Each structure stands twice: as C-alpha cells, then as structure tokens.
Amino acid sequence: MMHTMNSMDVNKSMDDRKKRRRLIAGVLFTVYFAVLFYFLFFSEKMGRTYSERAYHYNLVPLKEIMRFIRYRKVLGTYAVVLNLVGNIIAFMPFGTFLPIYYERCRKLRYTVLYSFELSLVVEILQLVFKVGSLDVDDLILNTIGGLFGFLVYELVKQFIRKTTERKSMMIKKVMIKFPGRCRLLLLSQYLRQFQARH
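Residues numbered from 1 in each chain as written. Predicted model: local features only at pLDDT ≥ 70, side-chain atom pairs only at ≥ 80, totals over all residues. Heavy atoms only, no water.

1. Describing helix H4 (residues 77-101)
Here is step 1 of the chain: With 25 residues, H4 extends 36 Å from end C-alpha to end C-alpha; this agrees with the ideal 36 Å at 1.5 Å per step.
Here is step 2 of the chain: Along its length, H4 reaches its greatest deviation from straightness, about 45°, at Gly-86. (Helix = DSSP H or I, 4+ residues; strand = E, 2+ residues; numbered from the N terminus. Expected span 1.5 Å × (residues − 1). Bend = angle between axes of the 7 residues up to and from the residue.)

What follows is the structure in structure tokens.
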C-alpha cells in the first residue's frame, strides 16, 4: 500500500514538473515571438522603416549568402555575422520551443517544415509592407536555425531522460536493498528532497 502511494507521489511530481515546463515554455515562446516580430518589422536599428517605398526581393538561392562572404571585408564583420549567423540564431528558439509545446513537432520534419513556413510568412509580410526584402537566402538560413533549435531540444531531452532514469534506478535500489520500515523512511526522505529540488 505504502509502495503504491510512494509510486503515485513520484508520478504526480513528474506530471507537475512536465506541466511547469510546458507553462514556462509557453511564456518564453510568447516573449520570443514578440521580440522576433519587433526586430523583423519595427526595429529602426535593423532598418525596418517605411522611408523607402520600394519592393526588394531575391529569388536566387545562395546569391546573398555568397555576396556577404565574397565582400565580407568591405561590408564588415558585424554586417556579415548579423545577416548570416543572425538569421540562423533568430529561428533557433522556434525550433527548440515548438516540440516542447506541440507533441506533433517532436518529429524533425514537422519542426523544419513549420520553421520554413514561418520564415516564408515573415518574408512575404516584409515585402508587402516594404519593411525589408523577400530573400530566399533568409528562408534557407531561418530553416537551418529551426533545425539547429530542434537539435538543442533533443540534447536537452536526452539529458533530462538520463537524469530521470538515474533517479528511478536509485529508488529501485532502495526498494530492493532495504527492508520494511527503513525502506519507507528512506523513500519518504528521498521524495521530500526530490520535490524540494524540483
């Protein structure tokens, strides 16, 4: 009976942690979107102004990437890093948070697909509202960013899984090694420590 209750306590604690992670991920996801859309559509520092009323677009894959690499000394390190690395980093949080919040996106292909779709929507909106340019290279870099973000999610998931497995093994060892009341005391103490840390 006590063993069953302790098992239920462990499961409840794990469920609570999952809900807490999901809530935190949801809040961070919302903040991320707000910051992302500010920089993509409203930031003057990023050149998102309405002063130039002209449509700009590039539909040739790798054209702008190669231009930045070829003229990196003329354009400067900051401009090259901002446009190449920045476009990747900007979509990494999307690739990380998406599989946490939506179970369907725990498969790589869905996260990559939705990263591409979000980037496409952004590029079209920038073209329509003339606050940037539609650039196929941005699509490529943003999608790569979503892919890298998913890989970060997988690494974190593996780390959490291994940590949980170690804790489960510790409980099993206590259950096997120690008899009766002593076992229950140790389990209760372990559960209190476990809940205090999480």
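2. Some points on the packing of H4 against helix H5 (residues 108-128)
Here is step 1 of the chain: It is at 10 Å that the axes of H4 and H5 come closest, and there the two elements cross at 135°. As the angle between them shows, H4 and H5 are arranged oblique. Two packed elements cross with a definite hand, and for H4 against H5 that hand is right-handed. Within the contact between the two elements, H4 uses Phe-91, Phe-94, Gly-95, Leu-98 and Pro-99 and H5 uses Thr-111, Tyr-114, Ser-115, Leu-118 and Ser-119. (Axes fitted to C-alpha atoms, helices over the stretch in contact; angles between N-to-C directions. Parallel < 35°, antiparallel > 145°, perpendicular 65-115°, else oblique. Left-handed = near helix turned anticlockwise from the far one by under 90°. Contact = heavy atoms within 4.5 Å.)

3. Some details on helix H2 (residues 63-70)
Here is step 1 of the chain: Turning to H2, its buried residues number three or more, namely Glu-64, Ile-65 and Phe-68. Taken around the axis of H2, the buried residues stretch over an arc of 105°, which confines them to a single face. (Buried < 20%, exposed > 50% of the residue type's maximum accessible area, 1.4 Å probe, protein only. Arc of directions from axis to C-beta.)

4. Thoughts on the pattern of salt bridges
Here is step 1 of the chain: In this structure the tally under the stated criterion is 2 salt bridges.
Here is step 2 of the chain: A salt bridge links Arg-67 to Glu-64, with the nearest nitrogen and oxygen atoms 2.8 Å apart. Within this pair, Arg-67 and its partner Glu-64 are both found in helix H2, separated by 3 residues, close to a single helical turn.
Here is step 3 of the chain: A residue is classified by how much of its surface remains accessible, and Glu-64, at 17% relative accessible area, is buried. (Salt bridge = Lys/Arg side-chain N within 4 Å of Asp/Glu carboxyl O.)

5. Quick notes on the side chain of Ser-115
Here is step 1 of the chain: Inspection of the secondary structure assignment puts Ser-115 in helix H5.
Here is step 2 of the chain: Leaving out residues up to four positions away in the same chain, Ser-115 has contacts with Phe-91, Phe-94, Asn-142, Thr-143 and Gly-146.

6. Quick notes on the nonpolar core
Here is step 1 of the chain: Ranked by internal contacts, the top residues of the largest apolar core, which has 15 residues, are Phe-29, Tyr-32 and Phe-94.
Here is step 2 of the chain: Within the residue set of this core, elements represented by two or more residues are helix H1 (2-41), H4 and H5.
Here is step 3 of the chain: If one sorts the elements of this core by residue count, H1 sits on top with 6 residues.
Here is step 4 of the chain: Discounting residues that sit within four places of it in the chain, Phe-94 has contacts with Phe-29, Tyr-32, Phe-33, Pro-99, Tyr-114, Ser-115 and Leu-118. (Core = buried A, V, L, I, M, F, W, Y, C linked by side-chain atoms within 4.5 Å.)

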